[in-house]
Amino acid sequence: MSRIILITLFILVSLFQNNTYAQTPYTPAQLTAEDYEQAENSLSQHTSELVLGGNVRPNWIDDHRFWYRNQFEEGNEFILVDAKNKTRKRAFNHVLLARALSAATKSKFSSFELPFRSIDLAADGRTMDFSVGSKSYTYNLQNSRLTVKTAERGLGRAFFPSPDGQKAAFIRAHNLWVKDLNSGEETQLTTDGVEDFGYGTNNAGWLRSERPVLLWSPDSKKLTTFQHDSRGVGEMHLATTNVGHPKLDSWKYPLPEDSVIFRVHRVVIHLDGPKMIRLKMEPDQHRSSITDHIALRDGTLADAEWSLDGSMLAFLSNSRDHKEAVLRVADPNTGDVRTVMEEKAETFFESGYRVSNWHILPERNEVIWFSQRSDWGHLYLYDLETGDLKRPITQGDWNVLQVRNIDREAGKIYFTGVGKEPGDPYFQYFYSVNLDGSDLKLLTPDSANHEISLSPDGNYFVDSYSTPTTPPVTVLRDKNGTMLTTLEKADISRLIEKGWQAPIPITVKARDGETDLYGLMYKPRNFDPNLKYPIINYIYPGPQTGSVGSRSFSSSRRDNQAIADLGFIVVALDAMGTPLRSKSFHAAYYGNMGDNGLPDQVAGMKELAERYPWIDLDRAGIYGHSGGGFASTAAILRYPDFFKVAVSGAGNHDNRNYEDDWGEKWQGLLTVNPDGSTSYDNQANQLQAENLKGKLLMGHGTMDTNVPFYNTLLVADALIAANKDFDLIMMPNRGHGFGNEPYWLRKRWDYFVKNLLGAEPPKEYVFKFTRVRP
């Protein structure tokens, strides 16, 4: 008998030491509306207002002055900062303006709850413009008089203003025009633009805008754009849901399988005349080295740069498969084009993290170039005339992210970077380095993630630093990194009083058992270590970003904490195949998008379950939207014995049915094998449909112009053919962002509560808001 007792004790001690001792699974029979309300309180609609002084967004007026809107105990105030004089004060008398605005509108406004979020301070500091509803006002800061502006209010998104603010370009009937903002006079710049071959057309298939794509010269006397050639390109079609005939939306939308995609015929337009110069070269493919569009979000032509005097235009020609980039320079007066240099990559070439890091220095006959040829992103100095390498500027096992300023007189570059300092390799810091590679200097020493806003002349910068667990401190520094003054120290005491808890930073090993992966974990607010909780993985596989997002502080990250409060452990993990680490890390599953980093997610979740006995790995779920919808569906189909529940929103389930640029960068050009299979079969979710064992909910908006809903119907059709049970919600007339709607949010919560937690959710819970913030 004593021997049996000893053996039993030995087994129990062993189990305890290995963190595998038995625990009670958390399986409530019913969740109430009060449970959902408590979870809702973890969403940003309820938490962001509890953070004071935590959202400084500088708006520079000139080289040394800026304003920002600040949340404090009494409401919101507008702060004016003078970096040269190191002063911080309110931008205007809030009491007097509230009084004047209340009288003018016959409404009642309090001093620190004014009905506008943005102001336009005059350079002389005498007046200030702002808008309320459909009216614009001018407020005289000298005598506190408020007047309604009679001039035309704003230009709207369709206009692209020039650097001098005197004119704006726009598209009319496929041609480019310019409007004089003083006289209102309009001048036609091109005349031969036609449908499918217009000037400055802003269409990438997945994204369209009325604003033209162009780049103004610094002196505002000319601009560069292109004639957008969509002749022969395939179309996408969507139709509205309504009583009566649906409204058809048809537009050009190339796919990876298409032989013809968008092409751009580059031109320079001189406003004097006007006169158009076509560049003497073949049309380029509609590609850039930093995004899946040839334009930035504001319509600025990507991968293009003027010399400071406007006498030279430089640009990149990027290959359709993103593997080759050619730097060219053009004479804007003759259209002559010369190749400077080129770089080829085995997988994909990027010239920076979300911005182009290459820059021409004609006054030095040099060019700053960015490359990941060493497996890390670094800057190199080349001869602008010969294209010969002069020297590396930065080097080491870390990454330059964004070149933010070049001091040409001092020969110094200012940039953000990651991975150089001890600690979290995703924390971004600000550095300077000489063009000859000497004097590399860290300008933001605090161990945190730094968000930088530079003054126009580069002599000052605002540094807001924080971590996922510590609130931001915002300071003003000069270009040498010297701190001039503290602007704000965020106060989260009210947030903590409401029961807020920070996410838990986690580190686990990747699929190879060696590479460190970083993420965040969320526990229920009423966490009991004696219970065993289901685990849910929030996933966004990239490859252009990861699941965690910014490493700066946030009171809420999506609904991760809210879902945890319902009785789950939630994890977000940046797997291999995402940026900010080495190039080999980023390109880990190039050519096999079906991987989605899932081997790393599974390995990480298993390691966490070994580490923490309160994680119930037998109840594992996953969810995501867009690329995350693609990944979450792939997870339950490719790992059917591991993931029991998946929720998928707006997934691009087969990238042959998504825009060409995306798949061709990350998967490669589509090829067909002799047996009829293709190089895209390994990523197609519908080809895995027969593997479904668990519970799958898919949703899509019927007017999703980014990822058309046919992607989800491909999987639904295959699941029906395989006689599999699944759930499907089509959101009528919704676009790609329906994941932020309360109805879809509730259905996702209900689905996990019912099918993973094993509880009955409250019936038709009603949220207190109409839209969830990301």
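What you are looking at is a predicted structure, and each value in this text was computed from that prediction instead of being measured.

Q: I tried to follow the overall build of the protein chain on my own but got confused; where do I start?
A: Helix and strand content of the protein chain: 12 helices and 47 strands. With respect to the three principal axes, the spread of C-alpha positions in the protein chain is 100 × 75 × 70 Å. Relative to its full complement of 774 residues, the protein chain shows a buried share of 56%. Of the roughly 32,500 Å² that the protein chain leaves accessible, carbon and sulfur atoms contribute 49%. Averaging the positions of the 85 positive and the 97 negative side-chain charges in the protein chain gives two centres separated by 5 Å.

Q: Would you take a moment to explain a nonpolar patch on the surface for this structure?
A: There is a patch of nonpolar side chains on the surface, built from Tyr710, Leu713 and Leu728 and spanning about 220 Å² of accessible area. For Leu713, a relative accessible area of 33% puts it in the partly exposed group.

Q: Just to check I follow, could you spell out the nonpolar core for this structure?
A: Considering soluble globular proteins, one finds that nonpolar side chains tend to be buried as a cluster. Grouped together as the largest cluster of nonpolar side chains are 54 residues, with contacts concentrated most on Ile536, Leu566, Phe568, Trp749, Phe752 and Val753. The element that contributes the greatest number of residues to this core is helix H12 (residues 742-757), accounting for 8 residues. Of all hydrophobic cores here, the second largest spans 45 residues; its members include Tyr353, Val508, Val602 and Ala635.

Q: Got a minute to help me understand the sheet that holds strand E3 (residues 65-72) in this structure?
A: The pairing of strands in a sheet happens through backbone hydrogen bonds and is either parallel or antiparallel. The strand order E2-E3-E4-E5 describes an open sheet built from 4 strands, whose pairing is antiparallel. The sheet is open, and its two borders are formed by strand E2 (59-60) and strand E5 (87-90), each paired with just one other strand. In the sheet, E3 pairs with strand E4 (residues 75-82) via 8 bridges, with the strands oriented antiparallel. For Tyr68, the partnering residue across the bridge sits in E4 and is Ile79.

Q: I tried to follow the packing of helix H2 (residues 33-40) against H12 on my own but got confused; where do I start?
A: The angle between the axes and the distance between the axes are what describe a pair of packed helices. Two elements in contact, H2 and H12, have axes separated by 13 Å at closest approach and are oriented at 125°. Considering the angle they form, H2 stands oblique to H12. Between H2 and H12 the crossing geometry is right-handed. Residues Tyr36, Ala39 and Glu40 of H2 form the contact with H12, whose own contacting residues are Trp749, Asp750 and Val753. Among the residues forming the contact of H2 with H12, the class breakdown is 4 nonpolar, no polar and 2 charged.

Q: How should I be thinking about helix H4 (residues 94-105) in this particular structure?
A: An ideal rise of 1.5 Å per residue puts 16 Å on 12 residues; H4 measures up with 16 Å between its terminal C-alpha atoms. Check the buried side of H4 and you find it contacts E4, E5, strand E7 (127-132), strand E8 (135-140) and strand E9 (146-148). Regarding H4, its N-cap is Asn93, as a side-chain oxygen of that residue lies 3.1 Å from the backbone nitrogen of Val95 further along. Phi for Lys106, located one or two positions after H4, is positive at around 55°.

Q: I tried to follow the environment of Arg404 on my own but got confused; where do I start?
A: Structurally, Arg404 can be placed in strand E32 (residues 399-407). Residue class for Arg404 comes out partly exposed when judged on its relative accessible area of 32%. A sequence separation of 11 residues divides Arg404 from Phe415, and the C-alpha atoms of the two residues are 5.1 Å apart. For Arg404, the contacting residues outside a window of four places in its chain are Tyr414, Phe415, Thr416, Phe430, Ile452, Ser453 and Leu454. A polar side-chain atom of Arg404 sits 2.8 Å from the main-chain carbonyl oxygen of Ile452.

Q: Quick question: what am I supposed to make of the side chain of Asp258 here?
A: Tracing the chain through its elements places Asp258 in the loop between strand E20 (248-252) and strand E21 (263-270). It turns out Asp258 is buried and unbridged, and the closest side chain with the opposite charge, Arg320, is 6.5 Å from it. Of the polar contacts made by the side chain of Asp258, one reaches the backbone nitrogen of Leu255; its length is 2.8 Å. Asp258 has contacts with Gly234, Tyr253 and Arg320, leaving out every residue within four places of it along the chain.

Q: Help me understand the pattern of salt bridges in this model?
A: According to the stated counting rule, one finds 44 salt bridges in the structure shown. Among the ionic pairs, Asp164 bridges to Lys167, the shortest N-O distance being 3.0 Å. Judged by its relative accessible area of 34%, Asp164 is partly exposed. When its relative accessible area of 17% is taken as the criterion, Lys167 is described as buried. Linked by salt bridges that have partners in common, Arg287, Arg320, Asp660, Asp661 and Glu664 make up one network.

Q: Where do I start with the packing of aromatic side chains in this structure?
A: Each aromatic ring pair is summarised here by two numbers: the centre-to-centre distance and the angle between the ring planes. In the structure shown here, the tally under the stated rule is 38 aromatic pairs. Residues Tyr26 and Tyr533 carry aromatic rings whose centres are separated by 5.3 Å and whose planes lie at 45° to one another, so their mutual orientation is tilted. Here Tyr533 lies in strand E42 (residues 531-538) and Tyr26 lies in the loop between strand E1 (24-25) and H2, a separation of 507 residues in the sequence. Residue Tyr533 is classed as buried on the basis of its relative accessible area, which comes to 2%. Ring centres of Tyr612 and Trp614 lie 4.6 Å apart, and the angle between their planes is 20°; this geometry places the pair in the stacked category. The class for Tyr612 is partly exposed, based on a relative accessible area of 22%. Since its relative accessible area comes to 9%, Trp614 is described here as buried. An aromatic cluster is defined as three or more aromatic residues linked by ring pairs; in this entry it consists of Trp67, Phe78, Phe92, Phe116, Phe130 and Tyr137.

Q: Is there a simple way to explain the sheet that holds strand E35 (residues 441-442) in this structure?
A: One open sheet holds the 4 strands; their spatial order is E32-E33-E34-E35, and the pairing between them is antiparallel. In this open sheet, the two strands that pair with only one neighbour each are E32 and E35. In terms of strand pairing, E32 meets strand E33 (residues 412-418) through 7 bridges, oriented antiparallel. In the strand pairing of E33, Ile406 is matched with Ile413.

Q: What exactly am I supposed to notice about the pairing of strand E43 (residues 569-574) here?
A: Note on strand geometry: in a regular strand, side chains alternate between the two faces of the sheet. Burial analysis of E43 places 6 of its 6 residues in the buried class, which makes it a mostly covered element. Burial along E43 is two-sided: Ile569, Val571 and Leu573 and Val570, Ala572 and Asp574, pointing in opposite directions, are all buried. In this structure, strand E41 (residues 516-522) lies alongside E43, joined through 5 bridges in antiparallel fashion. Counted as the bridge partner of Tyr522 is Val570 from E43. Inspection of the sheet shows E42 paired to E43 by 4 bridges, in the parallel sense. By the bridge assignment, Ile536 is partnered in E43 with Val570.

Q: So what exactly am I meant to see when it comes to helix H9 (residues 627-638) here?
A: The α-helix advances 3.6 residues per turn, and as a result positions three or four apart in sequence lie on the same side. With 12 residues, H9 should cover 16 Å at 1.5 Å per step; its first-to-last C-alpha distance of 16 Å lies within 8% of that length. Counted residue by residue, H9 has 11 buried out of 12 residues, so it is predominantly covered. What H9 keeps buried is the set Gly627, Gly628, Gly629, Phe630, Ala631, Ser632, Thr633, Ala634, Ala635, Ile636 and Leu637. At its buried positions, H9 is contacted by helix H8 (598-611), strand E44 (615-625), strand E45 (643-649), strand E46 (695-701) and helix H11 (710-721).

Q: Can you walk me through the confidence of the model for the protein chain in this structure?
A: Atomic detail in the predicted coordinates should be set aside for any region of low pLDDT. Scored by pLDDT, the protein chain comes out at a mean of 95, with 96% of its residues at no less than 70. A low-confidence stretch, residues 1-20 stays under pLDDT 50, and its non-local contacts, those more than four residues away or across chains, total 7 contacts.

Q: Sorry if this is basic, but what is going on with the pairing of E4 here?
A: Burial within E4 is extensive, with 8 of its 8 residues counted as buried. Between E3 and E4, which pair antiparallel in sequence order, lie 2 residues. Counted between consecutive antiparallel strands, the loop separating E4 from E5 contains 4 residues, among which Lys86 sits at a positive phi close to 60°.

Q: Honestly, the environment of Gly54 in this entry has me stumped. Any pointers?
A: Tracing the backbone shows Gly54 in the loop between helix H3 (44-47) and E2. For the pair Gly54 and Ala173, spaced 119 residues apart in the sequence, the C-alpha separation amounts to 45 Å. The residues touching Gly54, leaving out its near neighbours within four places in the chain, are Pro472 and Ala490.

The rules we used
Residues numbered from 1 in each chain as written. Predicted model: local features only at pLDDT ≥ 70, side-chain atom pairs only at ≥ 80, totals over all residues. Heavy atoms only, no water. Helix = DSSP H or I, 4+ residues; strand = E, 2+ residues; numbered from the N terminus. Buried < 20%, exposed > 50% of the residue type's maximum accessible area, 1.4 Å probe, protein only. Areas by Shrake-Rupley, 256 points an atom, 1.4 Å probe, with all protein chains shown as cover. Lys, Arg positive; Asp, Glu negative; His and termini not counted. Charge placed at Lys NZ, Arg CZ, Asp CG, Glu CD. Patch = residues over 30% accessible without salt bridge, like charges linked within 9 Å, V, L, I, M, F, W, Y side chains within 5 Å. Salt bridge = Lys/Arg side-chain N within 4 Å of Asp/Glu carboxyl O. Core = buried A, V, L, I, M, F, W, Y, C linked by side-chain atoms within 4.5 Å. Pairing = 2+ DSSP bridges. Axes fitted to C-alpha atoms, helices over the stretch in contact; angles between N-to-C directions. Parallel < 35°, antiparallel > 145°, perpendicular 65-115°, else oblique. Left-handed = near helix turned anticlockwise from the far one by under 90°. Contact = heavy atoms within 4.5 Å. Nonpolar A, V, L, I, M, F, W, Y, C, P; charged D, E, K, R; others polar. Expected span 1.5 Å × (residues − 1). Polar contact = N/O pair within 3.5 Å; in protein donor to acceptor, adjacent residues only side chain to side chain. Phe/Tyr/Trp six-rings, centres within 6.5 Å; stacked < 30°, edge-to-face > 60°. pLDDT = per-residue confidence, 0-100.

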